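Chains, contacts and geometry: an overview
Now for the letters of each chain:
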Amino acid sequence: MDYLPRIKRSKHPQERANFISQLFFLYTASLFTKGYTRDLDDSDLYEVPPTFKSKKLAEQLDKHWQKQVMKQKETSIFFSLLKFYGLSYFLLGLSKIILKTSLIVIRPFVVEKFASFFVPHQINPSGTYSSLYGFSIIGLVLVECWYDQWYTFKLSSLEIQVRASLSGLFYRKCLRQSSLSSENIGKIINLLTKDVYNFEMCIKTANETWISTIQIIIISYILTDRIGYIVLILVLFLLILVPIQVRLAIKTTVLKLQMLEKTDDRFQTTKDILLNIRTIKMYAWEKFFHTKLLNLRSKEVNLTFEIFLLKFIININGIVWTCATFFIWMAIFIHSNEVTSEIVFFMFDSHRTIGCLLTITIPFSISQIVQTVATITRVDEFLKRKEISRVLKMSKRSKIALKNVSVVYRKESVLNDINLEFDEGLVLISGAPGSGKTFLLKTILGECDITRGNVVTEGSISYASQQPWLFPATIRQNIVFGEEFDEKRYNAVLTVCDLANDFQLLQNGDQTIIEDRINLSKGQCVRINLARALYKESDIYLLDDPLMALDPYLKEYVFKACVRFLDHKLVVLVMQDPTDFVGYQSSVVLDNGKITSNYNSQMKIIARNVHDKRHMFVDDELKFTDNVDEETQLLPTLHLKNIYKERNKVGEVECKVYKKWMEAGGGILHFLLVAFFLVFLPLTTNFLEGSINLWAINEEKIANYTRTRASRTPDVTLLMRKRTNSVTLQILFILLLLVLFVTTSVGFLNFAKRVSLKLHDLLAHALINVNLHFFNTSVAEILNKISRDFLNIDEIIPFLFYDLSKLLIPLISPMIFIVPIQKIFLVPLVLLIFILTFIRKMYLTIGRSLKRLEASSKTPMVGHFSAMLSGLTTVKSQKCEQKVLEEFDNHLDLQISASFTYMSATRAFSLAVGWTSTIFLGIVISRFFVVRSDPLSVTFTIFQTLLLIEISNAVFLTWAEIETHMTSVERVLELTQVRQECPANCMTEIWSKPGYIKFHNVCLYETISNNKILMVKFL
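Residues numbered from 1 in each chain as written. Predicted model: local features only at pLDDT ≥ 70, side-chain atom pairs only at ≥ 80, totals over all residues. Heavy atoms only, no water.

Quick look at the pairing of strand 3 (residues 425–431)
We count it as follows: We call a residue buried when its accessible area falls under 20% of the maximum for its residue type, exposed when it is over 50%, and partly exposed in between, using a 1.4 Å probe and counting protein chains only. Under the scheme used here, helices are H or I runs from DSSP no shorter than 4 residues and strands are E runs no shorter than 2 residues, and both carry numbers assigned from the N terminus. Two strands are counted as paired when DSSP detects at least two bridges linking them.
Taken across its seven residues, strand 3 has seven buried, putting it largely inside the fold. Where strand 3 and strand 10 (residues 588–591) come together, three bridges link them in parallel fashion. Across the sheet, the residue bridging to Gly 431 is Leu 590, located in strand 10.

Describing the packing of aromatic side chains
The condition is simple: Here is the rule: rings of Phe, Tyr and Trp (six-membered ring for Trp) pair when centre to centre is within 6.5 Å. Planes less than 30 degrees apart are stacked, more than 60 are edge-to-face, and the remainder are tilted. Counting as a charge over the ring demands two things of the Lys NZ or Arg CZ atom: a distance within 6 Å of the ring centre and an angle within 35 degrees of the ring normal.
Tallying each qualifying case throughout the model produces 41 aromatic pairs. With a centroid separation of 4.8 Å and an interplanar angle of 20°, the aromatic rings of Tyr 283 and Trp 285 are classed as stacked. A network of ring pairs unites the aromatic residues Phe 305, Phe 308, Phe 312, Phe 748, Phe 799 and Tyr 802 as a single cluster. Over the face of the ring belonging to Phe 481 we find Arg 532, whose NZ or CZ atom lies 5.3 Å from the ring centre. The ring of Trp 959 carries Arg 840 above its face, with NZ or CZ at 3.7 Å from the centroid.

Digging into helix 14 (residues 487–496)
Convention followed: Think of a polar contact as two N or O atoms within 3.5 Å of one another; within protein, one of them needs to be a possible hydrogen donor and the other a possible acceptor, and neighboring residues in sequence only count if both atoms come from side chains.
Helix 14 sits mainly inside the fold: eight of its 10 residues count as buried. Taken together, the buried positions of helix 14 are Arg 489, Tyr 490, Asn 491, Ala 492, Val 493, Leu 494, Thr 495 and Val 496. The N-terminus of helix 14 is capped by Asp 486, whose side-chain oxygen sits 3.2 Å from the backbone nitrogen of Lys 488. Asp 498 occupies a position one or two residues after helix 14 and carries a positive phi of about 55°.

Quick look at the packing of helix 5 (residues 77–116) against helix 28 (residues 935–976)
Filter applied, for reference: In this description, a line fitted to the C-alpha atoms serves as the axis of each element, helices being fitted only across the stretch in contact, and the angle between N-to-C directions of two axes falls anywhere from 0 to 180 degrees. By convention, the crossing between two helices is left-handed when the near helix turns anticlockwise from the far helix through less than a right angle, and right-handed when the turn is clockwise. Between two residues, a contact is recorded if the distance between any of their heavy atoms is within 4.5 Å. Three residue categories are used. Nonpolar comprises Ala, Val, Leu, Ile, Met, Phe, Trp, Tyr, Cys and Pro, charged comprises Asp, Glu, Lys and Arg, and polar comprises the others, including Gly.
Closest axis-to-axis distance for the helix 5/helix 28 pair is 9 Å, and the angle between their directions is 145°. In terms of crossing hand, the pair formed by helix 5 and helix 28 is right-handed. Together, Arg 107, Pro 108, Val 111, Phe 114 and Ala 115 of helix 5 and Pro 935, Val 938, Thr 939, Ile 942, Phe 943 and Leu 946 of helix 28 make up the contact between the two elements. Class assignment for the residues of the contact of helix 5 with helix 28 results in nine nonpolar, one polar and one charged.

What about a positive patch on the surface?
Note the following rule: Put simply, a patch holds well-exposed residues, over 30% relative accessible area, that have no salt bridge, with like charges counted together within 9 Å and Val, Leu, Ile, Met, Phe, Trp or Tyr side chains within 5 Å. All accessible areas in this document rest on Shrake-Rupley with a 1.4 Å probe, and a residue is counted as covered only by the protein chains that are shown. Salt bridge, as used here: a side-chain nitrogen of Lys or Arg that lies within 4 Å of a carboxyl oxygen of Asp or Glu. We treat Lys and Arg as the positive residues and Asp and Glu as the negative residues; His and chain ends play no part in the count. Every charge is mapped to an atom, namely NZ of Lys, CZ of Arg, CG of Asp or CD of Glu.
Taken together, Lys 63, Lys 67, Lys 71 and Lys 83 make up a surface patch of like positive charges. The topology assignment puts Lys 83 in helix 5. Residue class for Lys 83 comes out exposed when judged on its relative accessible area of 54%.

A short note on the sheet that holds strand 2 (residues 412–422)
The strand order across the open sheet built from three strands is 2-1-4, with neighbouring strands paired in antiparallel fashion. For this open sheet the edge positions go to strand 2 and strand 4 (450–458), each flanked by a neighbour on one side alone. With strand direction ignored, the average angle separating the axes of adjacent strands in the sheet is 15°. Summarising the sheet, strand 1 (residues 399–409) and strand 2 pair through seven bridges and their orientation is antiparallel.

Quick look at helix 25 (residues 858–870)
The α-helix advances 3.6 residues per turn, and as a result positions three or four apart in sequence lie on the same side. Quick note on the threshold: To estimate how far a helix should reach, multiply one less than its number of residues by 1.5 Å.
Here helix 25 contains 13 residues, and its C-alpha end-to-end distance of 19 Å stays within 8% of the 18 Å for a straight helix at 1.5 Å per residue. Taking burial as the measure, the 13 residues of helix 25 include 12 buried ones, the bulk of the element. Considered for burial, the residues of helix 25 that qualify are Lys 858, Thr 859, Pro 860, Met 861, Val 862, Gly 863, His 864, Phe 865, Ser 866, Ala 867, Met 868 and Leu 869.

By themselves these figures say nothing about function.
Here is the structure:
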């Protein structure tokens, strides 16, 4: 239950924006204005737009899933997602292929027409038509820039909707499961992060499979029309590699499943360590659990990078095979056709495009699809787990009846032929540990699958678990737990559980916030857990050994007080040893799941004895003075803090974060070496393409000599020698490219792998050896950081650096070609770089803040989910499913709002970069009207400028995304710098045989004020 009043947030600017503002992301202007002056915090986040409301999205997906399960058992979440998002996704892909194909056809035509006006002896080279074609080129670029951002925005919107619907669906599924079969929080966190991320990546790439196929068909048709059916030989050569590529892609499915299972184990082990850290430290088990966590992480990372290695092999195969098969294809073509440099260039460009689509793009898309298939398998298996539904018969009197009930749990019999019938009164159930007492109560609650017999329950039920479950909220809200606040009953319950005196010792009384790391004694937790069950007005009370942790005197007092308080109710009380209460016998004794004694005839006698021996309470004793105003009792605003609120850093990501990231991968020199090879790789590809162009020109000259029958001239001999040298050079370049690509890929993956392992090792070591005071903060924050932040560190950040390094040479190359044509172009080019850098700086001020908020806003969601799973039986017995569901949806909406706002700002930034770059294109075109050039120079300059615009957009977007995603490294490193419990050399490996404890100048400090409160010095 949320203990803080819900913040009323303003509507998202996108909702209030008009059509034009939404079309061009102008509604983000206010956000940029606010974010440029200061870092944003969670109060700056907006209400999530209606189309992204998690409640609506999750409920519609949940209803459809339920219908599908009822119709046919062999269904899949894929079909449910396809129903709601399939058509939109297909239409987006259709719009892309229509527009991109149109641009492929129209843009060269317009550029050619524009260049034709610069042919010598033209009367009016700068006339109306030339201006029209010039503006058309600019217009096409502007449209393409806008469409790219609009398409990405719509695609990202689908990703966010799928994430919201799946996250809400997982939560609703957990609420319908038995607490005995519910998933551990480790798997849930993994489902919410890596599995959902796989769906998002599939949305990004799946369309490319059929779009690329259609593009191949179109290009093949154009090739066939221009050079004949010899193009089929090209397709045949390339198809030889496709089965190998697809096979490698499919192999990633098995690896993905194994990797996700290892991630589940790591998440769960981490939470277990955090929750039991005091025990681990008491027994000095830090080293053992650190090693265990490191081994789990190592297995996970090894599988992750095996998947990445397969992807790189697919890429290498595609590049090398495409280059190698071109010569075979051309050799066949030369023997049967006339060769010109124009045809060779056209064939090479088409061959490269088809090869890239057929051997790289499609296999990569298939690889992501099959990885998503692995995720779908996991999600289906989770969603198809058996659900439970408990139907209570309402009647004037309470009743529990079990007839021939047998229960099997994990293939072991836990209850055998249980026959019991309870009416009003007290029922004591006892037995040795593991005898089946808790299973008996959970069978009554409907949490267990009954293999035989039936259970009848009449009346409402309240339940107190054996292990106290308290959720992060105030003590009062833990007791009231969504019920209407009744001061008289509340005070009476406090007196019964002897909590009034405890609350007076607390600074904030019952308004004290219980954090993830419980800041109360075990006895207090037990009594608060019992008070919750007693506060709810019910017909039946199931109490699972709620007095176990109390001392004998307090145990007897609370027992007798409960019996008095629950007079005329049906109370089933489980106790390990009820003989502590002299004069009482247990009604039911269990042994190995069987009833060994049943004193039904003595129930009323026992209840009467308890009633006679009770402490006689008077009304004054059942009162508890409460100084809190009645209007603010349920949701007080004083002394409250948000325990899930993370302390986000502000400002730029510091250079030391980048430095530590590089050092984690092997050092700065190692990173620079890998980066150098990545930068050099495109240069090798350019040399290869340049040598192919020279070979093509040489082949054209040989063909001309052959047509003129001058094959014996010295020139032909020279040309033939050049052909041999050129082919040799091609082979050497292909081999060099292969070696360089393999070396670079292995070095890069090794660097990324070491970063993943080292950062996790630093985090694990810091958390296990941290001062215990640190764990008074939220465990959910830590779980969030080891999930989403490490997803960014493992799978996103390395490849952003990889892409940026590979784009540097392609960015510089067009500049080198453009400036010599007209040196004046250098001035606007430098100015363009400065403007784009300024735009990036403006974006980063809010991009960093929003990325930090996107990460930190997931902590409340993870914390709430974890708390709910821990107390699932209590939540269901108290009938609070709708309440906790509403609160989870609110947490999820906040995270979705942060993601949507970040995505909108990023798209606005990308559009600004693209349109600003187009200004340079306008300057280039305008310059040609002033200073005439030949048509070839005009065409070449315009195409190089278009390439520059495309690459500069990618470079500045990738550069900005590196900074925003490096906040994940920043968040992880922040945890590694927390105060440690003791220096590394304070523990000794050799334990002294006599054993002693020595205190020497030991000072104890009060945590909050840091004041010295005690100094101890003795031996």
